[in-house]
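Results of the structural survey
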Amino acid sequence: MTNIFKTISLIFLTSGSALADQPKNWQLGFQNPASTGMEEIVWFHDYMLLPITTAITVFVLFLILYACVKFRASKNKVASTTSHNTTIEVLWTLIPCLILIVLAVPSFKLLYEQDTIPKAEVTIKATGYQWYWGYEYPDENIGFDSYMVDEKDLKANQPRLLTVDNEIYVPVNKVVKVLITADDVLHAWALPSFGVKRDAIPGRINETWFKAEKTGTFYGQCSELCGIKHAFMPITVNVVTDEEYATWLNDAKQKFALEDTNTNIKVVKKENKKIN
Ligand SMILES: [Cu+2]
């Protein structure tokens, strides 16, 4: 008996303290939120949607069982011919309307908050390819590709199917804007702990944002069926302190430097002037 208690308390302790930043076996519910946006989504789900849907399910189940028992054929040789009840009809129209209105308020609030992007402190452009992600930091003039690490090359503690060779780095508590697009087919850039998921569409740029409030490594996956290796293009984001981010940026500027786009823009401007 004590063993069972130990196991149960251990499950609760570990689930509470460990940063559940990646999917777990037998997981129910969301991953632990790491951004304010996701905290609100989890609150909306846990304290509004779940209680309401549970209550409705229990109530409807009760009605079905009640009707099955009360109106069973053996006890009702002559069937009732009742076809209308105004009070009940008004109620079963009004109550669902009220439930929807109650749900709509926090739901729209969340939607608008996600849609309004605050002033970005870091901008990242993610491009979906068959089957990996390409990243650019347009303000820093760096860009790199991010491929999944094969199972045989994984180091200790690196999760299978979620580890990539080149991870994204973002500073903690900063507004990060993510521009999302694709080069070939539809993909989707999704990171559950940040409450972020946007379609990556060729020829179009979608945008979203997050503000990570915890340092750590967070994992996401492509969330739009994009072909045979759809399951093998994970997303890894390292949330680090400002100093660590500055160090990474310094190295990345050497390692992942893009061609100097400024000179190209100047050339184009010159050419345009000539034409005009
Ligand atoms: Cu994809």
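The notes below deal with the structure included here. Quick caveat: nothing in here was measured; it's all calculated off a predicted structure.

Side note on the sheet that holds strand β4 (residues 168-171)
One open sheet holds the 5 strands; their spatial order is β4-β10-β9-β6-β7, and the pairing between them is mixed. One side of each edge strand has no neighbouring strand; the edge strands of this open sheet are β4 and β7 (196-200). Adjacent strand axes in the sheet meet at a mean angle of 25° when their direction is disregarded. Bridge count for β4 against strand β10 (residues 234-240) is 4 bridges, and the pairing is parallel. By the bridge assignment for β10, V170 is matched with V239.

Quick word on the coordination of the copper ion
Only H187 (ND1), C222 (SG), C226 (SG) and M233 (SD) from the protein coordinate the copper ion, and they sit 2.0 to 2.7 Å from it. Between the 4 donor atoms coordinating the copper ion, the angles at the centre fall across 93 to 127°, so the site counts as tetrahedral. Along the chain, the residues that donate to the copper ion are spaced as H-x34-C-x3-C-x6-M. For C222, a relative accessible area of 5% puts it in the buried group. Take C226: its relative accessible area is 4%, and that puts it in the buried class.

Quick look at helix α3 (residues 86-115)
An ideal rise of 1.5 Å per residue puts 44 Å on 30 residues; α3 measures up with 43 Å between its terminal C-alpha atoms. Listed as buried for α3 are L103, P106 and L110. The inward-facing, buried residues of α3 contact α2 (36-70).

Quick notes on the sheet that holds strand β8 (residues 206-211)
A sheet is described by the order of its strands in space; here 5 strands give the open sequence β3-β2-β1-β5-β8, paired in mixed fashion. At either margin of the open sheet sits one strand with a lone partner, and together these are β3 (142-146) and β8. Pairwise comparison of adjacent strand axes, ignoring direction, gives a mean angle of 25° for this sheet. For strand β1 (residues 122-129) and strand β5 (residues 175-182), the ladder comprises 7 bridges, and the chain directions are parallel. Paired with G128 across the two strands is A182, which belongs to β5. Contacts between helix α4 (residues 242-255) and the sheet are confined to β1, β2 (132-137) and β3, with β3 contributing the most and set at about 90° to the helix.

Describing the pairing of β10
Strand residues, when the strand is regular, have side chains that alternate between the two faces of the sheet. Buried residues dominate β10, accounting for 7 of its 7 residues. The alternating pattern of β10 places P234, T236, N238 and V240 and I235, V237 and V239 on opposite faces, both of which are buried. Pairing between strand β9 (residues 216-222) and β10: 6 bridges, direction antiparallel. Across the sheet, Q221 pairs through a bridge with P234, a residue of β10.

About the cut-offs
Residues numbered from 1 in each chain as written. Predicted model: local features only at pLDDT ≥ 70, side-chain atom pairs only at ≥ 80, totals over all residues. Heavy atoms only, no water. Pairing = 2+ DSSP bridges. Helix = DSSP H or I, 4+ residues; strand = E, 2+ residues; numbered from the N terminus. Axes fitted to C-alpha atoms, helices over the stretch in contact; angles between N-to-C directions. Donors = N, O, S within 2.8 Å, 3.2 Å for Na, K, Ca; no water. Tetrahedral: all angles 85-135°; square planar, octahedral: opposite > 155°, others 65-115°. Buried < 20%, exposed > 50% of the residue type's maximum accessible area, 1.4 Å probe, protein only. Expected span 1.5 Å × (residues − 1). Contact = heavy atoms within 4.5 Å.

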